[in-house]
Amino acid sequence: MEARKIILLALSLVLVLKVARSFDYKEEDLASEESLWNLYERWRSHHTVSRSLTEKNQRFNVFKENLKHIHKVNQKDRPYKLRLNKFADMTNHEFLQHYGGSKVSHYRMFHGSRRQTGFAHENTSNLPSSIDWRKQGAVTGVKDQGKCGSCWAFSSVAAVEGINKIKTGELISLSEQELVDCNSVNHGCDGGLMEQAFSFIEKTGGLTTENNYPYRAKDGYCDSAKMNTPMVTIDGYEMVPENDEHALMQAVANQPVSIAIDAGGQDFQFYSEGVYTGDCGTELNHGVALVGYGATQDGTKYWIVKNSWGSEWGENGFIRMQRENDVEEGLCGITLEASYPIKQRSDIKQPPSSGKDEL
């Protein structure tokens, strides 16, 4: 009986937290300019958004246009819904500048074609119908990159955290800020490539913990003293064959995988729940992590994607994206830039004392 009370209390707390985190609108909020303004003020209060009077008037107009779009989409028979989240008074262009600034396509052209690697998972057969690395304890809590185009670092770290848990049994939250500050081949808050992050981690001897080198959402000088502590190591990385969702499934069945996507769609900005099937291209501008796949009861297949926009966005920080949508490159280019770290050893070792990499 006592155990049942504890379970009910826990469920109640979860419900309270979910309600406290969410923000929604009602039909009557759309009735007049005054009701829309009141909605905007409640939204600002909910998200503690401070604006000057002049800026408030400008942002209110953006807010109204975004609300119209959200309401219009939610009236349609789509397998996903949108919500007034913390990005609701940002234009899509502004949003992409801050939160989709990884510029993967740009840096791919700058660094040349994808490196040809082996694919260790190519012989994986009898794939499970679903896999969720969160349930295996191989995924840390959702993080928030803030207004810094460092999603490439969060994508890379999620994959390293995952393989480290699989190989050692220990889930350790690792430092994105070390990559932002010290991985000089990438460009910190101005974007980068996940494979360059993996190469840095391998060549410098590992990556330190989040607690030791906490995230600050801005570029900084490399703190070599914080690097000179025990780290999680990897032995390299491999690229998943592009334009091949089956190969991507083979990889994800074995470990979380870093991917790049086109997150430029307005629906993506306001995604709330369901299986995302929205419009998007292949202009890769955002790094995320694939942490599983599955299917709904009606048979709609999806990928489970860990994002880095905080837990208030999407499904507690995650998004389910349509899988096997008959497009060669996958929805939003999901197969075009997939990679994963290799870890043979199960140790955590001391790094060399050289400081910032010269890669």
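What comes next is a walk through the structure.

Scoring rules and cut-offs
- Residues numbered from 1 in each chain as written.
- Predicted model: local features only at pLDDT ≥ 70, side-chain atom pairs only at ≥ 80, totals over all residues.
- Heavy atoms only, no water.
- Buried < 20%, exposed > 50% of the residue type's maximum accessible area, 1.4 Å probe, protein only.
- Helix = DSSP H or I, 4+ residues; strand = E, 2+ residues; numbered from the N terminus.
- Disulfide = S-S within 2.5 Å.

Quick look at helix H8 (residues 194–203)
Judged by how many residues are buried, H8 sits mostly within the fold: eight of ten residues are covered. Those residues of H8 that fall on the buried side of the exposure criterion are Met194, Glu195, Gln196, Ala197, Phe198, Ser199, Phe200 and Ile201. A positive phi of about 95° marks Gly205, the residue just after H8.

Some remarks on the state of the cysteines
This model, assessed by the stated rule, comprises three disulfides. Put simply, Cys148 and Cys189 are joined by a disulfide, and their sulfur atoms are 2.0 Å apart. On the sign convention where negative means left-handed, the S-S torsion of about -95° between Cys148 and Cys189 marks this disulfide as left-handed. One end of the pair, Cys148, is in the loop between strand E2 (131–132) and helix H6 (151–168); the other, Cys189, is in the loop between helix H7 (176–182) and H8, with 41 residues separating them in the sequence. Judged on exposure class, the residue Cys148 and its partner Cys189 are both buried. Shown here is the disulfide that connects Cys182 with Cys222, its sulfur atoms set 2.1 Å apart. Classification of the bridge connecting Cys182 and Cys222 rests on its S-S torsion, roughly 95°, and on that basis the disulfide is right-handed. Of this pair, Cys182 sits in helix H7 while Cys222 sits in the loop between H8 and helix H9 (224–227); the two residues are 40 residues apart in sequence, bridging distant segments of the chain. Sequence-ordered numbering of the bonded cysteines in the chain gives a disulfide pattern of 1-3, 2-4, 5-6.

Here's the deal with the environment of Ala225
Within the fold, Ala225 resides in helix H9. Judged by relative accessible area, Ala225 falls into the exposed class, the value being 52%. Sequence separation of Ala225 and Tyr213 is twelve residues, and the distance between their C-alpha atoms is 9.9 Å.

So far we have only geometry, and geometry alone does not tell us how the molecule works.
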